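Residue strings, one per chain:
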Amino acid sequence: MPDARRQAIVLNPGEGRSYAMGQMTAIFKADEGETDAAYSISEWYLEPHSPGPGPHSHANHDDIFYVIEGVMSFLVGDQWIEAGVGGFVRAPAGMTHDFANRTDRRAGLLNIYIPGGFERDMPAIVQWFDKAAQG
């Protein structure tokens, strides 16, 4: 069986493993299976005036964000900042962080999660958002 880490990944825009969470969508481009859990890469899109996942931290993982569309608001520690296209944020392991779209236009970001494995949590996260939407 070939080593997945040695195989090219070629995806067109919008392709990947997609997860819908209300007004937020994640599209995973590369994760545990392709990277041997070294990292995961995903795109996250928020519709206008949408909250993100909520303030949280990861004990053993860095979260790296790069804005690819619109303007995204980021909570970094205890401070909110605004970042437009090309904006970069790194939340090291243990740091509280969040993101949200407070604008009238869709916003998107590229996320690199190091080390990988985040996608394992996605089915439970989607289920949580579904239950929250139902009241």
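Coordinates for the structure precede this section.
Summarised in this report is the structure supplied together with it. Counting restarts for each chain: residues are numbered from 1 in the order of the written sequence. Owing to the predicted nature of the model, reporting of local features is limited to residues with pLDDT of at least 70; listing and counting of side-chain atom pairs is limited to 80 or more, with chain, interface and lining totals taken over all residues. Side-chain calculation: all heavy atoms of the structure are included, whereas hydrogens and water are not.

Per the convention used, a helix needs a DSSP run of H or I reaching at least four residues, while a strand needs a run of E reaching at least two, with both numbered from the N terminus. Counting its secondary structure elements, the protein chain contains two helices and nine strands. Secondary structure elements of the protein chain, listed N to C terminal, follow the sequence β-β-α-β-β-β-β-β-β-β-α. Relative to the compact-globule value of 14 Å for 135 residues, the protein chain shows a C-alpha radius of gyration of 15 Å, a close match. Along the three orthogonal principal directions, the C-alpha set of the protein chain runs to about 45 × 30 × 25 Å. Within the protein chain, the proportion of its 135 residues that are buried is 37%. By definition, residues are in contact when any of their heavy atoms lie within 4.5 Å. Summarising the internal contacts of the protein chain: among those between residues at least 6 apart in sequence, 63% fall at separations of at least 24. Here, Shrake-Rupley sampling with a 1.4 Å probe gives the accessible areas, and only protein chains in the shown set may cover a residue. Per element, the accessible surface of the protein chain, about 7600 Å² overall, is 53% carbon and sulfur. Using C-alpha atoms as the atom set, the radius of gyration is obtained and then compared with a globule rule of 2.2 Å times the number of residues to the power 0.38. Relative accessibility thresholds used throughout: buried, under 20% of the residue-type maximum; exposed, over 50%; partly exposed, between the two (1.4 Å probe, protein chains only).

What follows covers the packing of aromatic side chains. A pair of aromatic rings is counted whenever rings of Phe, Tyr or Trp (Trp by its six-membered ring) have centres within 6.5 Å, and the orientation is called stacked for planes under 30 degrees apart, edge-to-face for over 60 and tilted otherwise. Within this structure, the stated rule accounts for five aromatic pairs. Taking the centre distance of 5.6 Å and the plane angle of 90° together, the rings of Y19 and F28 count as edge-to-face. Relative accessible area serves as the criterion here: at 18%, Y19 is assigned to the buried category. When the centroid spacing of 5.5 Å and the interplanar angle of 40° are considered together, the rings of F65 and F74 count as tilted. There is no split in this pair, since F65 and F74 are both buried.

The next point concerns the nonpolar core. In terms of nonpolar packing, the biggest core is built from 21 residues, with M21, W44, M72, F74, F99 and M122 touching the most fellow members. For this core, the elements supplying multiple residues, two or more each, are β1 (17-21), β2 (24-30), β3 (40-46), β4 (62-69), β5 (72-76), β9 (107-114) and α2 (122-134). Not counting residues up to four positions away in its chain, the partners in contact with W44 are M21, M24, T25, A26, F28, F99, A107, G108, L109, N111, F118 and M122. Residues grouped as a nonpolar core are buried Ala, Val, Leu, Ile, Met, Phe, Trp, Tyr and Cys residues, joined through side-chain atoms within 4.5 Å.

This next bit is on the sheet that holds strand β8 (residues 97-100). In this scheme, strands are said to pair when DSSP sees at least two bridges between them. Strand order in this open sheet of three strands is β6-β5-β8, and the pairing throughout is antiparallel. Sheet topology places β6 (79-83) and β8 at the edges, where each strand pairs with a single neighbour. Each adjacent strand pair in this sheet contributes to an overall mean axis angle of 20°, direction not counted. The axes used here are C-alpha line fits, helices contributing only the stretch in contact, and every angle between their N-to-C directions lies in the interval 0 to 180 degrees.

Now for the side chain of H58. For H58, the location among the structural elements is in the loop between β3 and β4. Under the relative-accessibility criterion, H58 is labelled buried at 12%. The contact partners of H58, leaving out residues within four places of it in the chain, are D63, A93, G94, H97, Y113 and F118.

Attention now moves to the pattern of salt bridges. Throughout this description, the term salt bridge denotes a Lys or Arg side-chain nitrogen within 4 Å of a carboxyl oxygen of Asp or Glu. Here the structure, examined in full by the defined rule, presents seven salt bridges. Note that E34 and R17 form a salt bridge whose closest N and O atoms lie 3.4 Å from each other. Highlighted residues: E34 in helix α1 (residues 32-35) and R17 in strand β1, separated in sequence by 17 residues. Residue class for E34 comes out partly exposed when judged on its relative accessible area of 24%. Across the pair D62 and R90 runs a salt bridge whose closest N-O atoms are separated by 3.2 Å. With D62 in strand β4 and R90 in strand β7 (residues 88-91), this pair connects stretches of sequence that are 28 residues apart.

Remember, this is a structural readout, not a statement about activity or role.
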